[in-house]
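# Descriptive structure summary
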Amino acid sequence: MRIEFCVGIDLGSTTTKAVVLDPDRKVLGRGITNSRSNYDVACRVSLGEALINARFALIDGRLAAAAVAPDERQRLLQAFELRFREQQYRSQLRALGERLHHHARQQALGTSTGKALDTILGRMTDEAGELFQVGSSRKSDFFRDLAGSRYVGLAEGLARDGQHAFDPLVGLFDKAILETENSTEAVGTFAEHARQAMVAMRAGALQQAVDAVAAIDLVQRLCVGTGYGRQRLPFPEKLIRSEILCHGLGAHTMFPRTRTVLDIGGQDTKAIQIDEQGIVTSFQMNDRCAAGCGRYLGYIADEMNLGLHELGPMAGKACRTVRINSTCTVFAGAELRERLSLGEKREDILSGLHRAIVLRAMSLLARSGGVHDEFTFTGGVAKNTAAVKALRDLVAENYGARTLNISPDSIYTGALGAATFAWREVQRQQEEAVEVAS
Amino acid sequence: MSNPVVAASAAAAAKDKSQERQKAMIADHFHKLAMAPDLGQKCAYTFVPGNLTELLGSFGVLPVLPEINALQSGMRGKSRDYIGLAEKLGHSEDVCTYVKCDIGMLKSGNVGPTGERLPKPDLLLLSYTGCFTFLKWFELLAQEYDCPCVMLHVPYQGDGVITDSMRRYVVDQLRKKVIPALERISGRAYDEDLLKRQLALSAKAEDDLVWVLESGKRRPSPIDAYFGGVYYIGPIFTAFRGTQEAIDYYQELRGEIEDRIRQGKGPIIPDGELQEEKYRVVVEGPPNWTSFRQFWQMFTDEGAVVVASTYTKVGGVYDNGFRHDPSRPLESLADYCMGCYTNLNLPTRVAMLAKYVKEYSADGFLINSVKSCNSFSAGQLMILREVEQRTGRPGGFIESDLVDPRYFSASNIKNRLESYFQMIAQKRAGGS
C-alpha cells in the first residue's frame, strides 16, 4: 500500500517544523527539530519526525478500523509511542556515546575521561526507561535538551566527587551533541524502533496495526519550503514561499474565519491580514529592530535562570503588572534587575515583561490594519499563557471583543501553509497536464 | 533631508552614453569646485529641495550640496566611518545620518566623491526650511566656517496650495536677503535678464525629464523610475539646471529611452537589462544608499520594476505641469521652492501616490521608511492605508536608512520584499 503526501517545511530561527498532508489535505503528521546548524539536516530530521508521527496516526486509524475501543486505543498508542521514543532515545544515546569517545580519543584525554564518559552514559542508558514512563514529565522532547540536562548533571556529580574535571566533559558534549542531532542515522527508522518497541509490548491488534503501517510506502509528491532558511533549501524557486504567505494560509486552514494573524516567532513578529480565502492582503514586520520577538522571552528566561516554559505560569501568579518601559531586549534585562533590586516580585515583573512584548505586537497589528474577527495567534509565544492573557486584554481594550484562536499546534502554522501550497501546486500541475493532453 | 543623484558612483548601473556624459559633467563640476579657491571662484553650500541653482548660476556662484556628498559617501562605503567620527564628536545616534556623514567628511579633510577637496563656502544658503534638520545642519557649518549664512524661509503647503501671499513672502526674501547676499559675495549686480535666459534653458531640460519619467507608464517600462530614476534626476537637481549641458544630457537620455521603447526593452539594471517585467510598483521614500545595488537587486531578482517614485520629485515636482518660467523669474523660483515633494501636505502626497498607482498601472506601492528623514517618514503609515483604500492595491512597508549601514538589515528587507511580491502573485493567481 502507498500513501502520497505533500510536505511543508518551515525553517525558523530556533526550530525547523515539518507538516505532512495527505491527498485530502488532512494533517498526517508533524515533526519538529531544534537542529539549526545545518538547514538540510534540519529539513531531513523534521520530515523524518513528521513521517514517524504520520505512522502513529495511521496506526491509530488501523486500530479504530479494527474496532478497538477509543480508550484502549489511546492507551495502546501512548504505551507504544513511549516505548518507541525510548528506543529512539537509546539509539541517539549510542550515537552520542560514539561521538563523545571519538572526540576524547582525538584530544588524547586519557583513560580517566573514557571511564567518566562510560559512567555517565551508563547511567543515562539505565535511566532511559524511567524517562519514558506514563506520567513522567520531560522538560523538552528534543534530544539535545533531554540528554544535555542529564549529562551536565552527572558531569557535575563526578566533578563534585573529585573524579573528573567538569569543563572537559562539557566541552566534549558540546561537540558531540551537534553531530548527533545533525545525524539522521542516529534518529533511526520507524521500522527498527517499532520492532524493538513491540518486543516489550503484548501483540494482538496493535502488532497487526504496527506491521501494516510499517509496510506502507509513504510517497512524497512535493515539498514547499518557507522560513528564514528557505533560500538554502534544495528546492526550485517556485516551491519556496515566504513565511508571511504560509502563516496566512496556515492560519486560514486551521481557522477558516481568520482575518488577522499575529505570529510571534523566535526572531521576528508578523502582523498579517488575510481575506476569506487565506490570501494575504497586508502585513507588517519590523526591519530595524527585533525587540519584542520570542527571543526577548528567551533572554529574560536566561536572566532569571528559568526555563522558557516556566515564564508564563510564573507571570500568571502576578498580583500586579509592573510597567516595563524599555522596548530593547537587552535594556529590559537591565530594567528587570533594577526592579528586582527595588524589591519587586519576580512574577509581577514577569507579567510586565509579557505585557511589554505584546505591546510591541499591538503596534505592528495597528500598522497592518488592526485586529479583525477572527484573530489567530501563532508561533512559539502563542504557547505562553501570560503572553496570551496580555494579548487578549490589550485586543479587547483597543478593538473590542474578538474571537481569539490559538491552536495547540500553532507552532506548525507556517509548515501547514507550506504543505497546503504544495498540494495546490500538485493540483495546478495536474490541471496543466490535462490541458496539454486535451 | 534625504536626496538623490548617484551619477559619479562606481556602483552605477550598466552605462549608457548619457550616463557617461553625466559622470563627466559631475567630475568636471567637482574639479571646478576643487580649483575654486585658487581661481577666486565663489561657492555656496545649499540644499537640493527647492534649490536655487539658476539664481546662483546668474551670479557665477558654484553650488556645493552636502546632501549629495553624504549620499555619495554612503555609496562609496565611507559613511560608516564618517558617522562614527561625528558620533565621537558628540552627535547623537538619533541625528539625521546625512548630517553626521557630512560632519564626519568635513572633519576628515572634506574630500569629495571624486577624490578632490571641496572648497570652503563663501555663503551658506539655507534654501529650504521645510526640514528643520537643515537649519541645525547649517548652524553646525556656520560654526566651522567664517562666512555669511542666509536663510530662505519656505512656507509649508499646509492647505495644499501656494497662495499669492506665500509667493510674495518668498519673493520678498529673495529680493531683500538672498540676492543682496549673493551680490556681496560675488561682487556682481543682480542680472535678471541672465536669470531669465537660464530659466528658459531649465524649462527645456525639464520637459525632457518629465517625458523620461512618464515613459514608466508604458509596458514594459523602459526605465526603472526609482533606482534608475535617481541617476536621471542628477543634473536637474544639482549644479546643471539652467545650462545647455543639462539640455544636452536630457535630450540624449530621451533618445536612448526612445530607442529602448522602439525595441520593446525593459529597463537597464545592475546586471544588464531586465528581461521580464513581472511586477510594476510605485515607491515612496528615499532609497538606501549604503546597499544601493543590493537593494536594487532585491527588486530585479523578483522581476519588479519601479514605474514611478516620489523620491525623484525631492528637488522639485514637474509632472503637475510646473516649469521654471522666464516671464516671472523670482515668482517661478518661489513656486519651485514651495512645490518640492516634502513641502506638500499629506493629502497632496496621498493623491499623488494614488494617481501614480493608477496612471502607471502599478500592481502596488512600497514605502521605504528611512530612519533619518522625518520630512519623508512622518505620516507614511497613514499614507499607506489611504493609498491602499483609494487604489485597492496593496502597500508594502520596509524600513532602512539613508547612509547609516547599521540600519540596513538585508535579510529582513529581502524577506519583506519577497513576501510582498509573492502576495501580489498570490492575489493574481487567486490563492494558489
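Every value quoted in this text rests on a predicted model; they were computed, and no experiment measured them.

Cut-offs used in this document
- Residues numbered from 1 in each chain as written.
- Chains lettered and ligands numbered in written order.
- Predicted model: local features only at pLDDT ≥ 70, side-chain atom pairs only at ≥ 80, totals over all residues.
- Pairing = 2+ DSSP bridges.
- Helix = DSSP H or I, 4+ residues; strand = E, 2+ residues; numbered from the N terminus.
- Contact = placed C-beta atoms within 7 Å.
- Axes fitted to C-alpha atoms, helices over the stretch in contact; angles between N-to-C directions.
- pLDDT = per-residue confidence, 0-100.
- Core = buried A, V, L, I, M, F, W, Y, C linked by C-beta atoms within 7 Å.
- Buried ≥ 20, exposed ≤ 12 C-beta atoms within 10 Å, placed from the backbone.
- Nonpolar A, V, L, I, M, F, W, Y, C, P; charged D, E, K, R; others polar.
- Domains from an automatic or database assignment.
- Parallel < 35°, antiparallel > 145°, perpendicular 65-115°, else oblique.

### Points about the sheet that holds strand 5 (residues 260–264) of chain A
All names here are of chain A. Pairing in this open sheet of 5 strands is mixed, and the strands run 7-6-5-8-9 from one edge to the other. The open sheet is flanked by strand 7 (280–285) and strand 9 (404–405), the only strands paired with a single partner. With 2 bridges joining them, strand 8 (residues 375–378) and strand 9 adopt parallel strand pairing. Considered in strand 9, the bridge of Thr376 is made with Asn405. Each of strand 5, strand 6 (269–274) and strand 7 touches helix 13 (residues 346–368); the most contacted strand, strand 6, lies at about 30° to it.

### What to know about the confidence of the model for chain B
For chain B, per-residue confidence averages 93 on the pLDDT scale, and 96% of positions sit at 70 or higher. Across residues 2–14 of chain B, where pLDDT falls below 50, the model places 56 contacts with residues more than four positions away in sequence or in other chains.

### A few points about the nonpolar core
Counting 248 residues, the largest nonpolar core has Val7, Val19, Val20 and Ala419 of chain A together with Val282, Cys337 and Leu353 of chain B as its most contacted members. When residues in this core are grouped by element, the largest group, 13 residues, is from helix 1 (residues 39–65) of chain A. Aside from chain neighbours lying at most four places away, what touches Val20 of chain A is Phe5, Val7, Leu28, Gly29, Ala50, Leu51, Ala54 and Ala419 of chain A.

### A short note on the sheet that holds strand 9 (residues 364–370) of chain B
All names here are of chain B. Ordered by their spatial adjacency, 4 strands build an open sheet running 8-7-9-10, and the pairing between neighbours is parallel. With one partner strand each, in any of the chains shown, strand 8 (304–309) and strand 10 (395–400) form the two edges of the open sheet. Direction aside, neighbouring strands of the sheet carry axes that sit 35° apart on average.

### A few points about the interface of chain B and chain A
Residue-level contacts link 22 residues of chain B with 18 residues of chain A. Counting only elements with at least two residues in the side of chain B that touches chain A, the list comes to strand 10 and helix 17 (410–429) of chain B. Considering each element in turn, the side of chain B that touches chain A owes the most residues, 10 residues, to helix 17 of chain B. Of the residues in the side of chain B that touches chain A, the class split is 7 nonpolar, 10 polar and 5 charged.

### Regarding the domain arrangement of chain A
Partitioning chain A into domains gives domain 1 (50–214) and domain 2 (256–406). Put simply, the middle of domain 1 of chain A and the middle of domain 2 of chain A, counted by C-alpha atoms, are 34 Å apart.

### Some words on the packing of helix 2 (residues 70–106) of chain A against helix 3 (residues 111–131) of chain A
All names here are of chain A. One way to put it is that helix 2 packs onto helix 3 with a least axis distance of 10 Å and a crossing angle of 175°. On the basis of their axis angle, the class for helix 2 and helix 3 is roughly antiparallel. Two secondary-structure elements touch here, helix 2 through Glu86, Tyr89, Arg90, Leu93, Gly97, Leu100, His101 and Ala104 and helix 3 through Thr113, Gly114, Leu117, Leu121, Met124, Thr125, Ala128, Gly129 and Leu131. Residue composition of the contact of helix 2 with helix 3, by class: 9 nonpolar, 6 polar and 2 charged.

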